[in-house]
Amino acid sequence: MSSRTTRRRLIAAMAASSMLSLMDNVRAVSTDNDLPSLRSRAERRGLFFGCGVSAHAIQADPQFRAAVIADCSEIVPTAEMKWGWIESRQGHEVFSDADVLVDFSTQSKLKIRGHTAIWHQNLPNWVPMVLKDQNGAATFERHIRNVLGHFGDRIASWDVVNEAIWPQDRLPEGLRNSIFQQVFGPKYIERAYEIARAVLPKTPLFYNEFGVEYNDRFHAEKRAATLQLLTRLKRRGLIDGFGIQSHLHVGWGFDAKLFQQFLSDAADLELKILLTEFDVNDANAPADFSVRDAAIADHARRYLDVALGEKAVKGLIVWGLSDRYTWLNAPPYARPDGLPNRGQPLDQNLQRKVLWHAIASSLDAAPVRNQ
Ligand code: XIL
């Protein structure tokens, strides 16, 4: 065979193979779009998949709105139901932004969680001083009654108290030395749930916490103190669920057995468990996108395989859904090199990342729950 013929055949073979790989890519892209959603994968296992959203994103970003509806069956306001957002001016409660999200959830047939009535952060500036005066307890109660009462039974479940545990403050039972603790003592937590129960007797009430996921001493102390608080609240019939925020960090030590035991201990209290604010801090991961994405997906998969392996875990909520809306680009969480965080399943352009597929695989592998 002449060299010219050989060369022509080689070029033809290369063209054919590049066409095939192009077709593969096209197929990959098209089947990528045809893949079952995270919502449908979760529902097949008796779970749900959801995301934290802002009223601004839902109102201003139709593509994002569509992405939420495509992959989620539940949403949670990342800020709009907090005290500082609703009542920045004392006595002047504004629910309009939260109402935008509640109305969106109704129109889009999504459930919506309430987050959060009592948290030491995002408080109005006037609260600490007013809580300290003689009507402090009435102010505390009025806030919970008004916020939970405003939305009523449109809310699927409430994070009544958020992040009340901070062992570093060296208080009994590892409680955080928050303004609520300082003014009312530890009983503020039970009081908050008593009020919530009275306002919404049928709504599942959750305690929400972070820093219980890893194998260092700080996390171990938080796990122990959190279980103690959950036991106390459950024994009094004041809570129905436990939210594990699941703010992960690439490079932190995760011990599957340790975390599985913690989940089992919480499940033994007959609490529903939700993963409520899932994201992955990638500050410790390399800058290169493909290397970083693989590290994020691997870390997330190891965590989710354990968490979703516990049948008491009923849902996974990611905190933003897209890198476009992560909170992790702000200090103190931003990467030292200033590159944007890539810890959400969809990238800035709402395209599925390796993390999306890792979440999909973990959902597919989860044991089936009967709700
Ligand atoms: C964050 C929001 O994502 C931010 O937009 C807001 O500025 C501050 O709060 N734990 C919680 C969440 O329970 O409410 C926090 O969300 C993240 C930490």
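Quick note: structure is the one above.
Residues numbered from 1 in each chain as written. Predicted model: local features only at pLDDT ≥ 70, side-chain atom pairs only at ≥ 80, totals over all residues. Heavy atoms only, no water.

Enquirer: How would you explain the pairing of strand S4 (residues 114–119) if you had to name every residue and give the values?
Expert: With six of six residues buried, S4 lies mostly within the body of the structure. Inspection of the sheet shows S4 paired to strand S5 (residues 158–162) by four bridges, in the parallel sense. For His-115, the partnering residue across the bridge sits in S5 and is Asp-159. (Buried < 20%, exposed > 50% of the residue type's maximum accessible area, 1.4 Å probe, protein only. Helix = DSSP H or I, 4+ residues; strand = E, 2+ residues; numbered from the N terminus. Pairing = 2+ DSSP bridges.)

Enquirer: Which residues make up the side chain of Ser-362, and what are the values?
Expert: Relative to the helices and strands, Ser-362 resides in helix H14 (residues 354–365). Among the residues examined, Ser-362 registers a relative accessible area of 2% and is labelled buried. Side chain to side chain, Ser-362 and Asp-305 meet in a polar contact 2.5 Å long. Not counting chain neighbours up to four residues away, the residues in contact with Ser-362 comprise Arg-301, Leu-304, Asp-305 and Leu-308. (Polar contact = N/O pair within 3.5 Å; in protein donor to acceptor, adjacent residues only side chain to side chain. Contact = heavy atoms within 4.5 Å.)

Enquirer: Account for the side chain of Glu-277, naming residues and giving values.
Expert: Within the secondary structure layout, Glu-277 lies in strand S9 (residues 272–281). It turns out Glu-277 is buried and unbridged, and the closest side chain with the opposite charge, Lys-82, is 6.8 Å from it. At 3.0 Å, the side chain of Glu-277 forms a polar contact with the side chain of Asn-208. (Lys, Arg positive; Asp, Glu negative; His and termini not counted. Salt bridge = Lys/Arg side-chain N within 4 Å of Asp/Glu carboxyl O.)

Enquirer: How would you sum up empty space enclosed by the protein? Please name residues and give values.
Expert: Evaluated as defined, the whole model comprises three cavities of 30 Å³ or more. The volume enclosed by the largest cavity comes to roughly 40 Å³. Lining the largest cavity are Ile-118, Trp-119, His-120, Val-161, Asn-162, Glu-163, Ala-164, Arg-176, Ser-178, Phe-180 and Tyr-188. Every element with two or more residues in the lining of the largest cavity is listed here: S4 and S5. Tallied by class, the residues present in the lining of the largest cavity amount to six nonpolar, three polar and two charged. (1 Å grid on protein atoms, 1.4 Å probe; cavity = no way out; pocket = protein on both sides within 12 Å on 5 of 7 lines; lining within 4 Å. Points joined across faces, edges and corners; volume = space filled by probe spheres on them. Nonpolar A, V, L, I, M, F, W, Y, C, P; charged D, E, K, R; others polar.)

So far we have only geometry, and geometry alone does not tell us how the molecule works.
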